[in-house]
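Now for the letters of each chain:
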Amino acid sequence: MRLLIFSLLLGYALNGFSQATVKGVVRDGRSREPLPFVNVLLEGTTQGATTDINGLFTVENVKPGLYNVVASSVGYLRRVVPEVQVGTARPVELEILLEASATELKEVEIKPKAFQRSSESPLSVRTIGSAEIMRNPGGNRDISKVIRALPGVASTASFRNDIIIRGGAPNENRFYLDGIEVPTINHFSTQGSSGGPVGMINVNFIREVDVITGAFPAARGNTLSSVFEFKQPEGNTEQRTFTFMAGSSDVGFTFDGPTGAKASTILSVRRSYLQFLFQALKLPFLPIYNDAQLKHTIRINDRSRLTFIGLGAYDNVELNPGANDGVTDVERFERNRYILGNIPENDQWNYTVGARFDRFVAKGLHTFVVSRSHLFNEATKFRNNDESDPNALLLRYGSQEEENKFRYEAQMNYGSWRFVGGVNAEHARYSTDTYAQRVIRGLPVIIDYSSTLSVDKFGAFGQLSRTFGKLSGSLGLRTDINTLRTTMSDPLDQLSPRLSLSYAVSDAVAINANAGRFYQLPPYTVLGFRDTQGAPLNLDGGIRYIQADHVVAGVEYYTKNNGKVSVEGFHKWYDRYPLLVEKGVSLANLGGDFGVIGNELAVPTSKGRSYGVEFLAQQKLYKGFYGIASYTFVKSEFTNANGRFAPSSWDFGHIVNLTGGKRLPKDWEVGLNWRLQGGGPYTPFDLSASSLIVNWESQQQGVPDFANVNTLRLRGFNQLNVRVDKRYYFKGWTLNVYFDVENVLGNELPGPPFVDVLRDASGQPAVDPSDPSRYVLRELSNDGATVLPSVGLMIEI
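Remember, it's a predicted structure, so these values are computed and weren't measured experimentally.

### Some remarks on the pattern of salt bridges
Part 1: Summed over all chains, the structure comprises 52 salt bridges.
Part 2: Between glutamate 697 and arginine 383 there is a salt bridge, with its nearest N and O atoms 3.0 Å apart. Of this pair, glutamate 697 sits in helix 9 (residues 693-699) while arginine 383 sits in the loop between strand 23 (364-382) and strand 24 (393-414), and the two are 314 residues apart along the sequence.
Part 3: Here arginine 383 falls in the buried class, since its relative accessible area comes to 16%.
Part 4: The partner of arginine 609 in a salt bridge is glutamate 637, and the shortest N-O contact between them spans 2.7 Å. Linking arginine 609 in strand 33 (residues 602-622) with glutamate 637 in strand 34 (residues 625-639), this pair joins segments that are 28 residues apart in sequence.
Part 5: Salt bridges linked by common partners bring Arg27, Arg32, Glu95, Asp178, Glu234, Lys295, Arg299 and Arg305 together as one network.

This is how it looks when you write it as structure tokens:
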């Protein structure tokens, strides 16, 4: 609040602003040739410029603020670059690509659209710009939270960042950073799944994000639910700028500028101080995260570009043994004690480094990509957190995943035909050393094994697209193989066809459809599981690529003022999904948690189905207003060992999201986000098995009753988030101050209850007087109603 008051006083004390500059180049979207005589206009103003013979333009003396940039030329479709933030710390540099008009309409009849789409994926694609990410109420500049505003996206009520798309599991998503695959985008991620409480990617590195939830292009494989295309800006080629960011949980620094005659670099580092906040709040664990991100671009010439990227993180979770010091609230005291006795200490680090070479030719583009990713994950847990007692060891887990990848991709245009094709190869290695005490079929069992898995993967893809008048179509084919087993080495077994159709009813209305078959390998935790003798049980048991058939259809309408309305229906059929034998449930019905999932005996016999409908109304910046309204109904079910369908852990029913904001005079901005989501299913505890002393001592938590998997359901929840921003523009630098509140109304967010043992005055578990082999159990609430205010500032120099 003091920071907000300070911003008010500063606003009155400092009047006036420095002028800014918008510059860039306009190119033909196919040939990449510069386009002369293109009109570039800042929408809502009279300011603009015309490109010179080299396609270059400069708009000077621009008042700092947020603008839509419109580019138009005879024979080309008008292009709107929405919500470009113009400041005084540096000139804005844009590269605008124009597509040739397929009709002979006059220039004035071709309406500009703020939304772009491809022939390969004409539907189920939503784009979010950097400005939308930064200002999202409750998003805290975290893309994993911001995308919850989109249709088809669900989330858990907890503080995890699980990305749940159209009823699919979090591990069914793939992430690309400038076309280079990045396996992990969250801190404290769950191995075998995804998620985690904090995103890794720095918003300052994001120009826009394409979220593809269906109609996947053939160039993107090994996915069943979504593809995220993170597009980073090019580094500044004229002057060096430095950005300092301090929020409620971390502090960061970014460098952006030229690093050679033809090179530019963006580099950021960030470190959390969340552990100090958690310690002050008397929370039972202390998370610490660090990350770094790099993009280095070398513009060899007008037709050749070399890009290096890097993304890495180091995370650590320590216990806070003093969490209950001075705590008088009984319920909070017992919840802290339970979590201290249950959660392991964890060390995790990961990185991705990659290089991409783009060669532009007369008819298209050739792209070569190489990359390496490495994940290290280690966790330990002792009974009563007593590390001095070797007999108290409950969990010792260490694992690494390494992937080395190559991809060649060609994008070529031949008249009205467009072709995308290429190949990919990968060498991956997975290793683990696992010791864990579990309860299987009501009895304690020790799992103790080591495993190393080495695999080569290969893929080939091609996609052909063309427009026939008002009808456009795209036919794609892909196949993937690997060397794990002969059942996965036949390219015909993983043949993945897909067909997209789009019919333009008018310039503003289109009907779209897609059908396709997609494949994905199960997580390494499933593939690498072995018994104590070293036998690869899951591979020997027939685990193979998971198959999913998709059908999607919808209609979309583009308004005259940078808006879009769409309705889509989808249906997904899953086959060969891993079934966890000892639990008798599908991996999709297990849910996600911190740590590791899937490292147990599994067979490929589970089937699934997910279907629903989505509505989206999205308004890009128009007269200071912007917003997204979305509604989703989704049903997600998978079969268990009994062959009957049960709700998956991602079956949330109804989801409503309303996000909107207004830019006010004197560079103030306010935004609201309201989210309503149906309650997710959960599994009750087997109280009989949980109360056995031998089971409790090996688990320190309740034993789920998997015979009744996901038969209970949480209450639905709703949450309101509020954000206020104020920007100050000075000569050569910019200051942004914000105040954000998550769950401002303090609504209760439900969570599955815990089962704990009743304890005596000394803290020892109470033995059941009628059965000395059992403890007395009690249930602990896991609901929360936390209001999370945060303040922060960003200085760009």
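### Here's the deal with the sheet that holds strand 4 (residues 56-62)
Part 1: Strand order in the open sheet formed by three strands is 4-1-7, and the pairing between neighbours is mixed. Of all strands in the sheet, those with a lone pairing partner are strand 4 and strand 7 (92-98), marking the two edges. Along the sheet, successive strands turn relative to each other by an average axial angle of 20°, direction set aside.
Part 2: As judged from the seven bridges shared by strand 1 (residues 20-28) and strand 7, these two strands associate in the parallel manner. Bridge pairing links aspartate 28 to leucine 98 in strand 7.

### Some remarks on the environment of phenylalanine 419
Part 1: Inspection of the secondary structure assignment puts phenylalanine 419 in strand 25 (residues 417-440).
Part 2: Note on phenylalanine 419: relative accessible area 34%, which makes it partly exposed.
Part 3: Separated by 122 residues in sequence, phenylalanine 419 and glycine 541 have C-alpha atoms that sit 40 Å apart.
Part 4: The residues contacting phenylalanine 419, other than those within four sequence positions of it, are Ala410, Gln411, Met412, Gly462, Gln463 and Leu464.

### Description of the side chain of arginine 27
Part 1: Structurally, the position occupied by arginine 27 is in strand 1.
Part 2: Side-chain polar atoms of arginine 27 contact the backbone oxygen of arginine 32, separated by 3.2 Å.
Part 3: Contacts of arginine 27, omitting those with residues within four sequence positions, involve Arg32, Glu33, Pro34, Leu35, Glu95, Ile96, Leu97 and Leu98.

### Regarding the nonpolar core
Part 1: Core analysis: the biggest nonpolar cluster contains 38 residues, and Leu453, Leu484, Leu527 and Tyr577 have the highest contact counts within it.
Part 2: Among all residues touching leucine 453, those that are not within four sequence positions of it are Ala428, Arg429, Tyr430, Leu484, Tyr524, Leu527, Gly528 and Leu539.
Part 3: Ranked by size, the runner-up nonpolar core spans 29 residues in total, among them Val153, Ile185, Leu616 and Ile628.

Cut-offs applied
Residues numbered from 1 in each chain as written. Predicted model: local features only at pLDDT ≥ 70, side-chain atom pairs only at ≥ 80, totals over all residues. Heavy atoms only, no water. Salt bridge = Lys/Arg side-chain N within 4 Å of Asp/Glu carboxyl O. Helix = DSSP H or I, 4+ residues; strand = E, 2+ residues; numbered from the N terminus. Buried < 20%, exposed > 50% of the residue type's maximum accessible area, 1.4 Å probe, protein only. Pairing = 2+ DSSP bridges. Axes fitted to C-alpha atoms, helices over the stretch in contact; angles between N-to-C directions. Contact = heavy atoms within 4.5 Å. Polar contact = N/O pair within 3.5 Å; in protein donor to acceptor, adjacent residues only side chain to side chain. Core = buried A, V, L, I, M, F, W, Y, C linked by side-chain atoms within 4.5 Å.

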